[in-house]
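# Fold and geometry: a report
Here is what each chain is made of, one letter per residue.
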Amino acid sequence: MKIDRFAVSLFATCGILLSSGCGGPAADKPAGDKPTDTPAPTTAGTTANAGAKGLKLGFAQVGAESGWRTANTESIKSECEKQGVDLKFSDAQQKQENQIKAIRSFIAQGVDVIAFSPVVETGWAPVLQEAKRAHIPVIVSDRRADVPDDLYATFIGSDFIKEGEMAGEWLVKKTGGTANIAELTGTPGSAPANDRAKGFRTAIGKAAGLKIVFSQTGEFTRTKGKEVMEALLKSPVGNTVNVVFAHNDDMALGAIQAIEATGKKPGKDIVVLSIDGIKDGFKAMVDGKLNCSVECNPLLGPNIIDAAVQLKAGKTLPKRTVVQDGIFDQSVAAKELPNRKY
Ligand code: GZL
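Residues numbered from 1 in each chain as written. Predicted model: local features only at pLDDT ≥ 70, side-chain atom pairs only at ≥ 80, totals over all residues. Heavy atoms only, no water.

## Digging into the side chain of serine 190
- As for its placement among the helices and strands, serine 190 is situated in the loop between strand 7 (178-185) and helix 5 (191-204).
- Setting aside residues up to four positions removed in sequence, serine 190 forms contacts with Val119, Val120, Glu121, Arg143 and Phe220. (Helix = DSSP H or I, 4+ residues; strand = E, 2+ residues; numbered from the N terminus. Contact = heavy atoms within 4.5 Å.)

## Concerning empty space enclosed by the protein
- Under the criterion given, the structure shown has three cavities of 30 Å³ or more.
- Considered as a void within the structure, the second largest cavity measures approximately 100 Å³ in volume.
- Two domains each put at least three residues into the lining of the second largest cavity: domain 1 (34-158 + 298-323) and domain 2 (160-295). (1 Å grid on protein atoms, 1.4 Å probe; cavity = no way out; pocket = protein on both sides within 12 Å on 5 of 7 lines; lining within 4 Å. Points joined across faces, edges and corners; volume = space filled by probe spheres on them. Domains from an automatic or database assignment.)

## Focus: the site of the ligand
- Neighbouring residues of the ligand: 13 residues in total, closest Glu65, Asp142, Arg143, Arg196 and Asp276.
- Side-chain polar atom of asparagine 248 to an oxygen atom of the ligand: 2.9 Å apart, as the coordinates give it.
- Calculation on the ligand without its partners gives an accessible area of 320 Å², and the protein chains cover 100% of this total.
- When atom positions are compared with the pocket grids, the ligand is found to occupy the second largest cavity.
- Among the elements of the structure, helix 1 (67-83) and helix 5 are those that each provide at least two residues to the shell around the ligand.
- For the shell around the ligand, a count of residues per class yields five nonpolar, two polar and six charged. (Near = heavy atom within 4 Å. Polar contact = N/O pair within 3.5 Å; in protein donor to acceptor, adjacent residues only side chain to side chain. Areas by Shrake-Rupley, 256 points an atom, 1.4 Å probe, with all protein chains shown as cover. Sits in = over half its atoms within 2 Å of the grid points. Nonpolar A, V, L, I, M, F, W, Y, C, P; charged D, E, K, R; others polar.)

## Remarks on the nonpolar core
- Counting 52 residues, the largest nonpolar core has Leu171, Ile181, Leu184, Met229, Val244 and Leu273 as its most contacted members.
- The element contributing the most residues to this core is helix 7 (residues 249-261), with seven residues.
- Excluding anything up to four places from it in sequence, methionine 229 contacts Val244, Ala255, Ala258 and Ile259.
- Membership of the second largest hydrophobic core comes to 24 residues, among which are Val62, Ile103, Ala145 and Leu151. (Core = buried A, V, L, I, M, F, W, Y, C linked by side-chain atoms within 4.5 Å. Buried < 20%, exposed > 50% of the residue type's maximum accessible area, 1.4 Å probe, protein only.)

## Quick notes on the pattern of salt bridges
- In total, this model carries 22 salt bridges according to the counting rule given.
- For arginine 69, the salt bridge is made with glutamate 65, and the minimal N-O distance between the two is 2.8 Å. As far as burial versus exposure is concerned, arginine 69 and glutamate 65 are alike and both buried.
- Residue glutamate 183 pairs with arginine 201 through a salt bridge whose shortest N-O separation is 2.6 Å. Remark: arginine 201 occurs in helix 5 and glutamate 183 occurs in strand 7; sequence separation between them is 18 residues.
- Since its relative accessible area comes to 36%, arginine 201 is described here as partly exposed.
- Overlapping salt bridges, with partners in common, bring together Glu65, Arg69, Asp142 and Arg143 in one network. (Salt bridge = Lys/Arg side-chain N within 4 Å of Asp/Glu carboxyl O.)

Functional significance is not addressed by these values, which are geometric in nature.
Spelled out as structure tokens, the structure:
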């Protein structure tokens, strides 16, 4: 059964889609929170920009916590190399203070544009005020920052609420609306953790029999996801769990290891679903251990460079550009795996 791919379709008032090679018909309006966005031409995968060569871009990355993050970093670095962008890159090891230090360093270096993926939603206004005073435009990439619109030029990323809803809607169908769910949440305070939880709860709320009996952070890492699941399976609640919903594939893959160690069969005795759509997730679906993964496209490099070139040229961009996401389960995983780019 080929499951529909959802496309986060955005009407004129809601922003634009970025091509992720998902295709698929436009779906309903996303659960995004910026109804005032205006569209701009989709530029995903554009050929090299004339203005990119020599552009000084400072990028403050979250860290290297997951397969998704690795692919995101690779997309940014390879696109900068391809287009001759002078990239200053920092890995914050998932610490906000390191990202703030990196942004201050980019300001001191006088880069043309700053881009960053906020590890958490709050605490960014002071440093973004400094970038504004230095007349350096800021691109918020991947995760949302909770700041006033005048402190950043544009947001480029996915609709995490929609991703959570897609996962929940799939689970309602898979279980017929009855299950005890263990949730492995992402980094506390991060937009993907906040929004995926919110969207998932909205979707499963339609089925009274779907209960979240356990929720704890696995910090988006495989190691922590395994640790949390090992402890859960030793507890009385653990014996009642028949679904694991992980906010990313890496935590799901850690949980799968923990489930197997007890002799239970992940994907059969316990349904496992997650978000990201990384290759290892697809391989786990082909092996029957992961049941479903909602895609979250990390290949934002071309779009970040395109936005940086336009900002350096003084152009105004839409406040929010949303990446198209798909959803895949075991019925399509083997066919789709060769097409995966990350
Ligand atoms: C989502 C991204 C999340 C991924 C995780 O856009 O911020 O962070 O889902 C990653 O794998 O660690």
